[in-house]
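# Fold and geometry: a report
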Amino acid sequence: MDSPLVHRQPLCADLGGHDGVVMLTWSNWVTEPRSNRYHYAARFAARVPVLFLQPTLEPGQPASVQSCEIGGMEVISFADPMDAQTFGLISRRLIERGVRKPLLWIYSSLHYDGLLRAWPQALRVYHATEDYLNHSAQMEMDSYQRVADSVRRLLPQVDLLVGVSERVVNAYVEQGGYRGPTLLAPNGCDATFFESAASCSPAAPGERICIYQGGVNKRVDFALLLQLVRLMPDWEFRFCGQATTGLEGWEQLLREPNVRHLGALAPDALARAMCEATVGLIPFVQDRWIRNSLPLKAYEYVACGLPVVSIPIDALQGEPGLFRLADTAPAFADAVRAVAPSRSDPAALRERAAAARCNSYDARFDAVTASLRAVAQTRRAGRKRLNVAVLYDDGSVHVNTVREHLESFARYSRHQIVYVPATGGEPAQFRWSGRAALDVSGGPDLSAFDVVAVHYSARVSVEGHMPPVVEQALARFHGLKLLYIQDEYDTPEVTLRWIDRVQPDLVYTCVPAQDREKVYSSARFPATEFLPTLTGYVPEDASIDDHALPLTQRPLLIAYRGRKLPPIYGHLGYEKYLIGRTVRELADARGLPVDVEVDDAKRIYGADWYRFLGSARATLGTESGSNLFDFDGSAAALIERELARDPQADYATLEPLLRGYEQAVRMNQVSPKIFEAIRTRTALVLFEGEYSGVVRAGEHYIPLKRDFSNFDEVVHQLRDDAFVTALTTRAYDDVIRSGRWSYRTFVEGFDADIEQRVLRETGLALLWVPLFVRDVSGAFEHLQATTPQGLLLADRACDRHGKAALVSQTSSPLQPWLFSPPSQPQPQVAAEVAPPPSPGLPPPKGPLYHLGKAGWSMLPRAVQRGLGWRLRALAIQADLPPGAVNKLVAAAWTLTPRPAKKALRQALGGS
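The structure reproduced in this document is the subject of the present report. (Residues numbered from 1 in each chain as written. Predicted model: local features only at pLDDT ≥ 70, side-chain atom pairs only at ≥ 80, totals over all residues. Heavy atoms only, no water.)

## Considerations on the packing of helix α7 (residues 222–231) against helix α12 (residues 329–339)
Put simply, the rule is: Lines fitted to C-alpha atoms define the axes, with helix axes restricted to the stretch in contact, and inter-axis angles between N-to-C directions lie between 0 and 180 degrees. Think of it this way: any DSSP run of H or I at least four residues long counts as a helix, any run of E at least two long counts as a strand, and we number them from the N terminus. Convention used here: angles under 35 degrees read as roughly parallel, angles over 145 as roughly antiparallel, angles from 65 to 115 as roughly perpendicular, and any remaining angle as oblique. Rotating anticlockwise by less than a right angle from the far helix to the near helix defines a left-handed crossing, while the corresponding clockwise rotation defines a right-handed one. Two residues qualify as a contact provided that any one of their heavy atoms is within 4.5 Å of a heavy atom in the partner residue.
Following both chains from N to C, one finds α7 and α12 inclined at 50°, their axes separated by 9 Å at the closest point. As the angle between them shows, α7 and α12 are arranged oblique. The interaxial crossing formed by α7 with α12 has right-handed handedness. Across the interface between the two elements, L224, Q227, L228 and L231 of α7 pack against A329, P330, F332, A333 and R337 of α12.

## Looking at the packing of helix α24 (residues 672–679) against helix α26 (residues 721–737)
The test is simple: Note that Gly is not counted as nonpolar here; it falls among the polar residues with everything else outside the nonpolar set of Ala, Val, Leu, Ile, Met, Phe, Trp, Tyr, Cys and Pro and the charged set of Asp, Glu, Lys and Arg.
At a minimum axis distance of 9 Å, the contact between α24 and α26 shows a crossing angle of 120°. The angle between the axes of α24 and α26 places the two elements in the oblique class. Our pair here, α24 against α26, has a crossing hand that is left-handed. On α26, the residues that touch F675, I678 and R679 of α24 are A731, Y732, V735 and I736. Tallied by class, residues from the contact of α24 with α26 come to six nonpolar, no polar and one charged.

## A look at the sheet that holds strand β4 (residues 73–79)
Formally: Strand pairing follows a simple DSSP-based rule, namely that at least 2 bridges must link the two strands.
Across the sheet, which stays open at both edges, the eight strands sit in the order β3-β4-β2-β1-β5-β6-β7-β8 with mixed pairing between neighbours. Sheet topology places β3 (64–67) and β8 (182–184) at the edges, where each strand pairs with a single neighbour. Between one strand axis and the next, the sheet turns through 25° on average, direction left out of account. Strands in contact with helix α2 (residues 84–96) are β1 (20–24), β2 (50–57), β3, β4 and β5 (102–106); relative to β4, the strand with the most contacts, it is inclined by about 170°.

## A few points about the side chain of D515
Mapped onto the elements, D515 comes out in the loop between β19 (506–509) and α19 (516–519). If sequence neighbours within four positions are ignored, D515 has contacts with A664, V665 and R666.

## Structural notes on the side chain of D190
The test is simple: Two N or O atoms count as a polar contact when they lie within 3.5 Å, although within protein this holds only if one can serve as hydrogen donor and the other as acceptor, and sequence-adjacent residues are included solely when both atoms are side-chain atoms.
Within the element layout of this structure, D190 appears in the loop between β8 and α6 (191–200). Within the local environment of D190, its side chain forms a polar contact with the side chain of R34, the two groups lying 2.6 Å apart. Contacts of D190, omitting those with residues within four sequence positions, involve R34, H39, R43 and Y361.

## Digging into helix α13 (residues 346–358)
Applicable threshold: Given the number of residues in a helix, its expected span is that number minus one, multiplied by 1.5 Å. Throughout, exposure labels follow a simple rule: accessible area from a 1.4 Å probe, protein chains only, divided by the maximum for the residue type, with under 20% read as buried, over 50% as exposed, and the rest as partly exposed. Each direction from the helix axis to a C-beta atom contributes to the arc, which is the arc of those directions.
In this model, α13 (13 residues) spans 18 Å end to end at C-alpha, consistent with the 18 Å of a helix rising 1.5 Å per residue. Turning to α13, its buried residues number three or more, namely A348, R352, A355 and A356. Angular distribution of buried residues about the axis of α13 spans 100°; they occupy a single face of the element. In α13, the exposed positions angled more than 90 degrees off the buried face are occupied by R350 and C358. Buried residues along α13 sit in contact with α6 and α11 (297–303).

## Let's talk about the pairing of β1
Threshold: Handedness of a crossover: with both strands directed away from the viewer, a clockwise path from the first strand across the helix to the second marks it as right-handed.
Of all five residues making up β1, five are buried, and the element is well covered by its neighbours. Alternating positions in β1 separate into two faces, G20, V22 and L24 on one and V21 and M23 on the other, with burial throughout. Where β1 and β5 come together, five bridges link them in parallel fashion. Bridge pairing in β5 links V21 to L103. In terms of strand pairing, β1 meets β2 through four bridges, oriented parallel. Residue pairing across strands places V21 opposite V50, the latter belonging to β2. Following the chain from β1 across helix α1 (residues 36–45) to the adjacent parallel β2, one finds a crossover that is right-handed.

## Points about the nonpolar core
Considering soluble globular proteins, one finds that nonpolar side chains tend to be buried as a cluster. Heads up, the rule is: As used here, the term nonpolar core means buried Ala, Val, Leu, Ile, Met, Phe, Trp, Tyr and Cys residues forming a set that is joined through side-chain atoms within 4.5 Å.
Ranked by internal contacts, the top residues of the largest apolar core, which has 100 residues, are L53, Y126, Y172 and F237. Discounting chain neighbours no more than four positions away, the residues touching L53 are V22, M23, L24, T25, I76, F78, M82, I90, Y112 and L115. In terms of nonpolar packing, the next biggest core, distinct from the first, is built from 80 residues, Y508, L531, A635 and A731 among them.

## Looking at the packing of aromatic side chains
Condition: In summary, the pairing rule links any two rings of Phe, Tyr or Trp, Trp by its six-membered ring, whose centres are within 6.5 Å, and it sorts them by plane angle into stacked for under 30 degrees, edge-to-face for over 60 and tilted for everything else.
Scanning all chains against the criterion turns up 37 aromatic pairs. Both rings, one in F239 and one in W250, keep their centres 5.3 Å apart while their planes meet at 70°; by these two values the pair is edge-to-face. Of this pair, F239 sits in strand β10 (residues 236–240) while W250 sits in helix α8 (residues 248–254), and the two are 11 residues apart along the sequence. By the burial criterion, F239 is buried, and W250 matches it. Residues Y743 and F746 carry aromatic rings whose centres are separated by 6.3 Å and whose planes lie at 80° to one another, so their mutual orientation is edge-to-face. Of this pair, Y743 and F746 both sit in helix α27 (residues 743–757), three residues apart, which is roughly one turn of that helix. By the burial criterion, Y743 is buried, and F746 matches it. What links up through ring pairs into an aromatic cluster is the set F409, Y484, Y508, Y537, Y743, F746 and F750.

## Here we look at unusual backbone geometry
The omega torsion across D80 and P81 is 5°, close enough to zero to call that bond cis. Structurally, P81 can be placed in the loop between β4 and α2. Positive phi, close to 50°, is recorded for D487, a residue that is not glycine. By secondary structure assignment, the location of D487 is in the loop between β18 (480–484) and α18 (492–502). The phi torsion at S692 lies on the positive side, around 55°, for a residue other than glycine. Here S692 lies in the loop between β24 (683–687) and β25 (702–704).

Right under this line is the structure:
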């Protein structure tokens, strides 16, 4: 089986429906052991794969991937600014590890602008560990301003703000303008880890040791410490952590006899050093930034049983039993001596152990996952307008059912639908500037879309029907990916391998739920949802009603067109031929007026088909599909061998050999022809079956036994006008008039599905407008593009009120997708050219429009339907744009005199 090495990760409900985490940091994983980032990364990695990004390399050095002590996590080091090679490396690592829906967990507001633009659909959490909006003495002014500005730019793009203290959260809300959900998650500790260390390394009796652990940098108040160590010569001061070079205050401090630098220790050694100490210190420079923070070391000291003396920090004021606050060296000395005896006090140790467990990172992480679930639920429930690309085969739109299925998305969806031909030819570059700098794939870029839906006309069961470059673009796409599929019994393993490669989020399948696992194994596709769909819905061609003759004027008793399908379609395929051939023989023997053919050459298409249906009292039908799933090709090989031996062999001859292949999957489904017959009020004579629950025997159709033993009874019922009228009316009311199987209902379900699954939209506006050129005389001419819609991006777009708005071609988010580049260069359009209003854009809605609309709404429904169908038929013949009919009807009705309105009501059956 040709499958990728790693299948897609299951979505994690705890993480709001994501399957991976990308942590955007400015840290160094090696030199900052067991930091806040470590604890969250470890807990994320226990659930999903994690990539930890750090800008630690020098310019020009290539990005690299390293494993680390946490299973399920990789560290990616890169040089700032991030380049296309780095982005490519990140994307490949995610794909290789089966991640398609990563959560972006952001510590750094710098370094990652391009990456955020490249993944506009990803949910974003900003973990605010410091108050970067307030100046600190440890930051140079230009550095402070750069960081503060970057934070303010980032906050509007954030979906959840996690802050380590109430002051930090308030700063980002009040000074940063953040307006989204927040979570207070103070820095905690790994209580279990430190409790274990404390039991192995108890404090030595009589020792007097102050300890500071953490980075030795400008944040530390060296002047305070120097005075403190001189005030307490009988105490030893130990420092654990990497020291920044060139700090004059630090070098002076090291010269004191009671100061000892232990260096950067491994986590186990650091825990032992803390457990051997008497008091923990937090001696930072006192400014608003520090006062608003919550140092990571605070509860780690507590977990080791240490009393803590700290400079004033708001988050610690509420715990006087754990933290003693002091703002001068003498106050620090007094506090250290006052709390030292509690280091060995059993009651104080129990209180500290309880506080450490209460403030463990496990408890913090539970709160984080609850917030993620809530944010995801809110995002799913919120109304949004999504950019949706529908990839289809433009060589199939001549088929009515295909075209109607495709057009229904744009007609009824409330989202922005863009149709993209996706078969044949090589697409030109399809990119937007927000991502182009980070993409070296060379293929089309779909990241401007929130959703990409592959239509069933682009047949993924046929090798090469979709060009590899399009398939690869789909595989790279991180938004919501959908596949509508039909004829799933055709080369099913080819389809399964396509799903393996592209990893769609949703597959709309015709395989019944009870047999779905046999075709789409959950072990093979753990993160793909499979939802039910039909092969087609109630046709909307307005001319169909014109062909539905009154029952007394229908010359035929039965009309049917079938054909003999190849044996690989199994018994369901054979029934299409069997019912036609046998009914024709029985009808001919009885002299019945029927038109039944099973010859491919006698098939009927287009409007002639509806005219044909509307001329008969009834039509025949069977369940559609095939129950023969040839996963390994052995059934096809068997048929080929038998046909080589006997070229005349048909399914009836081969059935005993193929019976075993048809027992695994039951694929019976309703055919669109059932809807077409009901629409023309033609009675259905069907083999008994399920028909996807659309129609029921005796209620909506006349059941015909498979041995045809009740054929004469069926004929008797078809000759009964009252019976046929009641049957077809009931079927019309339940199937057509109810709207349950309409394209509108189908698309409403589609909208609900994608809205529930897209957590964050790109927010990009797609501007598809007709492009015009103007010649020297001032005349406008439409410039046709190579897409079926004849659309390109113009440099000026007309809004819905007909006003021209400048749209810069260089900064527009989308460029045209051209599958077949034109042979001649396209004329250039000067920037000042403004095309006339597009006929597809609605004019301003003035009083006349609203008056007409009100009048239309007061009409009886029968009148509305009668007028609507007739005007839609005229619109189709005149090739008017969608939406024009409703406006025409509303306007025409307001101008119609009352006597004429009354006559129309009577003529159209209104009250």
